[in-house]
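# Residue-level structure breakdown
These are the residues of each chain, in order.
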Amino acid sequence: GDCLSIAGLSREVGVLNKVDVTAPVIETVAATIDDVIDVQLQAPDACPRYVGRIIKGINIKAASPLWMQEKLRRSGIRSIDPVVDVTNFILLELGQPMHAFDLAKLDGGIVVRKAVQDETLVLLDDQEIKLNSDTLVIADNSKALAMAGVMGGAFSGVNAETTQDILLESAYFNPISIAGKARNFGLHTDSSHRFERGVDFELQRTAIERATALLLEIVGGEAGPVVEKTSAANLPSCAEITLVEANIEKMLGLTIEASEVEEILTRLGMQLSKIDSDGISGWKVIAPSYRFDMAIEADLIEEL
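A brief report on the enclosed structure follows. Keep in mind it's a predicted model, so treat the numbers as computed, not measured.

### Here we look at the overall build of the chain
In terms of helices and strands, the chain carries 10 helices and 15 strands. Here the C-alpha atoms of the chain give a radius of gyration of 21 Å, agreeing with the 19 Å that 2.2 N^0.38 yields for 304 residues. Among the 304 residues that make up the chain, the fraction classed as buried is 50%. Within the chain, contacts between residues at least 6 apart in sequence are counted, and of these 73% link residues at least 24 apart. As displayed, the chain has an accessible area near 14,200 Å², and 50% of this comes from carbon and sulfur atoms. Each charge class in the chain can be summarised by its mean position, and for the 27 positive and 46 negative side chains these summaries are 3 Å apart.

Right under this line is the structure:
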């Protein structure tokens with residue numbers, strides 16, 4: 001999953017070439033208006049983190065800058081409008097799928113819940129589907145707005161008719177809750193492809209700040225405060241793994257110097273602390289949140 005973003009690929013390239021990676025500088029965007037949206041997590045096991053932000057007074061008719069259109073085109077995504085383009089750009093750059101709602105179309109706040117059996121939703125591709133009770137949806141106080149982690153709905157999506165106000169969404173969905181749901185309806189999207197494999201569970205706020213800064217630059221407008229709802233008990237945790245130096249040679253059949261082991265794992269974002277006790281030499285390794293595929297010693301040895 002980590003290699004489905006330019007940020008993740010950059011880390012791999014940095015390791016292979018022993019060069020430092022220059023990440024984009026992402027500043028916090030201060031709120032200039034007080035507008036916030038109420039968010040309820042009614043299915044916290046499936047969506048333990050939801051981040052939203054209102055942006056008012058945008059110019060949807062503005063053109064996306066050529067550099068962004070070109071980066072999207074070279075990645076196989078066509079430019080649609082500046083709001084959709086920015087969310088697609090964040091998906092490619094950081095690996096965080098995002099969505100924007102037309103604020104005028106929302107009834108009250110946001111409710112993240114399971115669908116009611118046979119509840120209907122018209123998707124962005126104009127296909128009307130009947131939802132199953134195990135399908136996670138983003139809803140407002142009266143209706144489903146989007147199939148979580150898969151595709152937005154036509155009614156509330158941002159398009160050329162969008163007035164001037166939007167709600168930006170950046171969420172973490174449990175991969176198990178998204179896996180297979182898109183295929184049940186014959187769908188496969190850039191968003192579902194990433195959420196099924198797992199997205200960095202600490203990335204949501206960073207992504208919304210990045211998207212806000214880009215949008216304000218391109219379409220103008222004023223941003224409200226970031227609203228974040230989190231169920232800490234349902235979020236994953238970073239794995240802590242013991243790596244025994246002798247096991248590296250035993251599994252790989254080759255010797256890697258301790259200094260090189262440390263460099264490779266550090267460049268991949270792992271936190272290392274040396275172990276040397278009871279005749280065992282090695283490291284305690286804490287994997288970063290974007291490497292949720294790290295669970296056991298063999299995973300680390302595979303990286304090496």
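### Examining the packing of aromatic side chains
A full pass over the atoms with the stated rule returns three aromatic pairs. For the pair Trp-67 and Phe-89, a centre-to-centre distance of 5.5 Å together with 80° between the ring planes defines the contact as edge-to-face. With a gap of 22 residues between them, Trp-67 in helix H2 (residues 66-74) and Phe-89 in helix H3 (residues 82-94) connect regions that are remote in the sequence. Between the aromatic rings of Tyr-172 and Phe-201, the centroid separation amounts to 6.2 Å while the plane-to-plane angle is 70°, which identifies the pairing as edge-to-face.

### A look at the sheet that holds strand E7 (residues 136-139)
Spatially, the five strands line up as an open sheet ordered E1-E4-E7-E8-E9, and their pairing is mixed. Strand pairing shows two members of the sheet lacking a second neighbour, strand E1 (39-41) and strand E9 (151-152), which therefore form its edges. Where E1 meets strand E4 (residues 110-114), three bridges bridge the pair, whose relative direction is parallel. Pairing of Leu-41 across the sheet is with Val-112, part of E4.

### Focus: the pairing of strand E3 (residues 98-102)
Within E3, five of the five residues are buried, leaving the element largely enclosed by the surrounding structure. Here E3 shows two buried faces, one formed by Met-98, Ala-100 and Asp-102 and the other by His-99 and Phe-101. Across five bridges, the pairing between E3 and strand E10 (residues 166-172) is antiparallel. Each residue of the ladder has a partner; that of Met-98, found in E10, is Ser-170.

### Concerning helix H9 (residues 258-267)
For H9, the complete set of buried residues consists of Val-261, Ile-264 and Leu-265. Down the axis of H9, the buried side of the element spans an arc of 90°, and every buried residue falls inside it. If you follow the buried residues of H9, they end up packed against helix H1 (6-17), strand E13 (240-244), helix H8 (245-252), strand E14 (271-277), strand E15 (280-286) and helix H10 (297-303). Backbone geometry just after H9 places Gly-269 at a positive phi near 95°.

### A closer look at the packing of H3 against helix H7 (residues 204-219)
In contact at an axis separation of 10 Å, H3 and H7 are set at 145° when each is read in the N-to-C sense. Where H3 crosses over H7, the two elements pack in a sense that is right-handed. Contact residues: H3 offers Pro-82, Val-83, Val-86, Phe-89, Ile-90, Glu-93 and Leu-94, while H7 offers Ala-207, Arg-210, Ala-211, Leu-214, Leu-215, Ile-218 and Val-219. Residues belonging to the contact of H3 with H7 are distributed by class as follows: 12 nonpolar, no polar and two charged.

### Some remarks on the pattern of salt bridges
Counted according to the given criterion, the structure contains 20 salt bridges. The salt bridge involving Asp-102 is made with Lys-105; its shortest N-O contact spans 3.9 Å. Here Lys-105 falls in the partly exposed class, since its relative accessible area comes to 30%. With a closest N to O distance of 3.6 Å, Arg-183 and Glu-196 form a salt bridge. Placement of the pair is Arg-183 in helix H5 (residues 181-184) and Glu-196 in helix H6 (residues 190-197), with a sequence separation of 13 residues. It is possible to trace a salt-bridge network through shared partners that takes in Glu-12, Arg-291, Asp-293 and Glu-303.

Cut-offs used in this document
Residues numbered from 1 in each chain as written. Predicted model: local features only at pLDDT ≥ 70, side-chain atom pairs only at ≥ 80, totals over all residues. Heavy atoms only, no water. Helix = DSSP H or I, 4+ residues; strand = E, 2+ residues; numbered from the N terminus. Rg over C-alpha atoms; globule rule 2.2 N^0.38 Å. Buried < 20%, exposed > 50% of the residue type's maximum accessible area, 1.4 Å probe, protein only. Contact = heavy atoms within 4.5 Å. Areas by Shrake-Rupley, 256 points an atom, 1.4 Å probe, with all protein chains shown as cover. Lys, Arg positive; Asp, Glu negative; His and termini not counted. Charge placed at Lys NZ, Arg CZ, Asp CG, Glu CD. Phe/Tyr/Trp six-rings, centres within 6.5 Å; stacked < 30°, edge-to-face > 60°. Pairing = 2+ DSSP bridges. Arc of directions from axis to C-beta. Axes fitted to C-alpha atoms, helices over the stretch in contact; angles between N-to-C directions. Left-handed = near helix turned anticlockwise from the far one by under 90°. Nonpolar A, V, L, I, M, F, W, Y, C, P; charged D, E, K, R; others polar. Salt bridge = Lys/Arg side-chain N within 4 Å of Asp/Glu carboxyl O.

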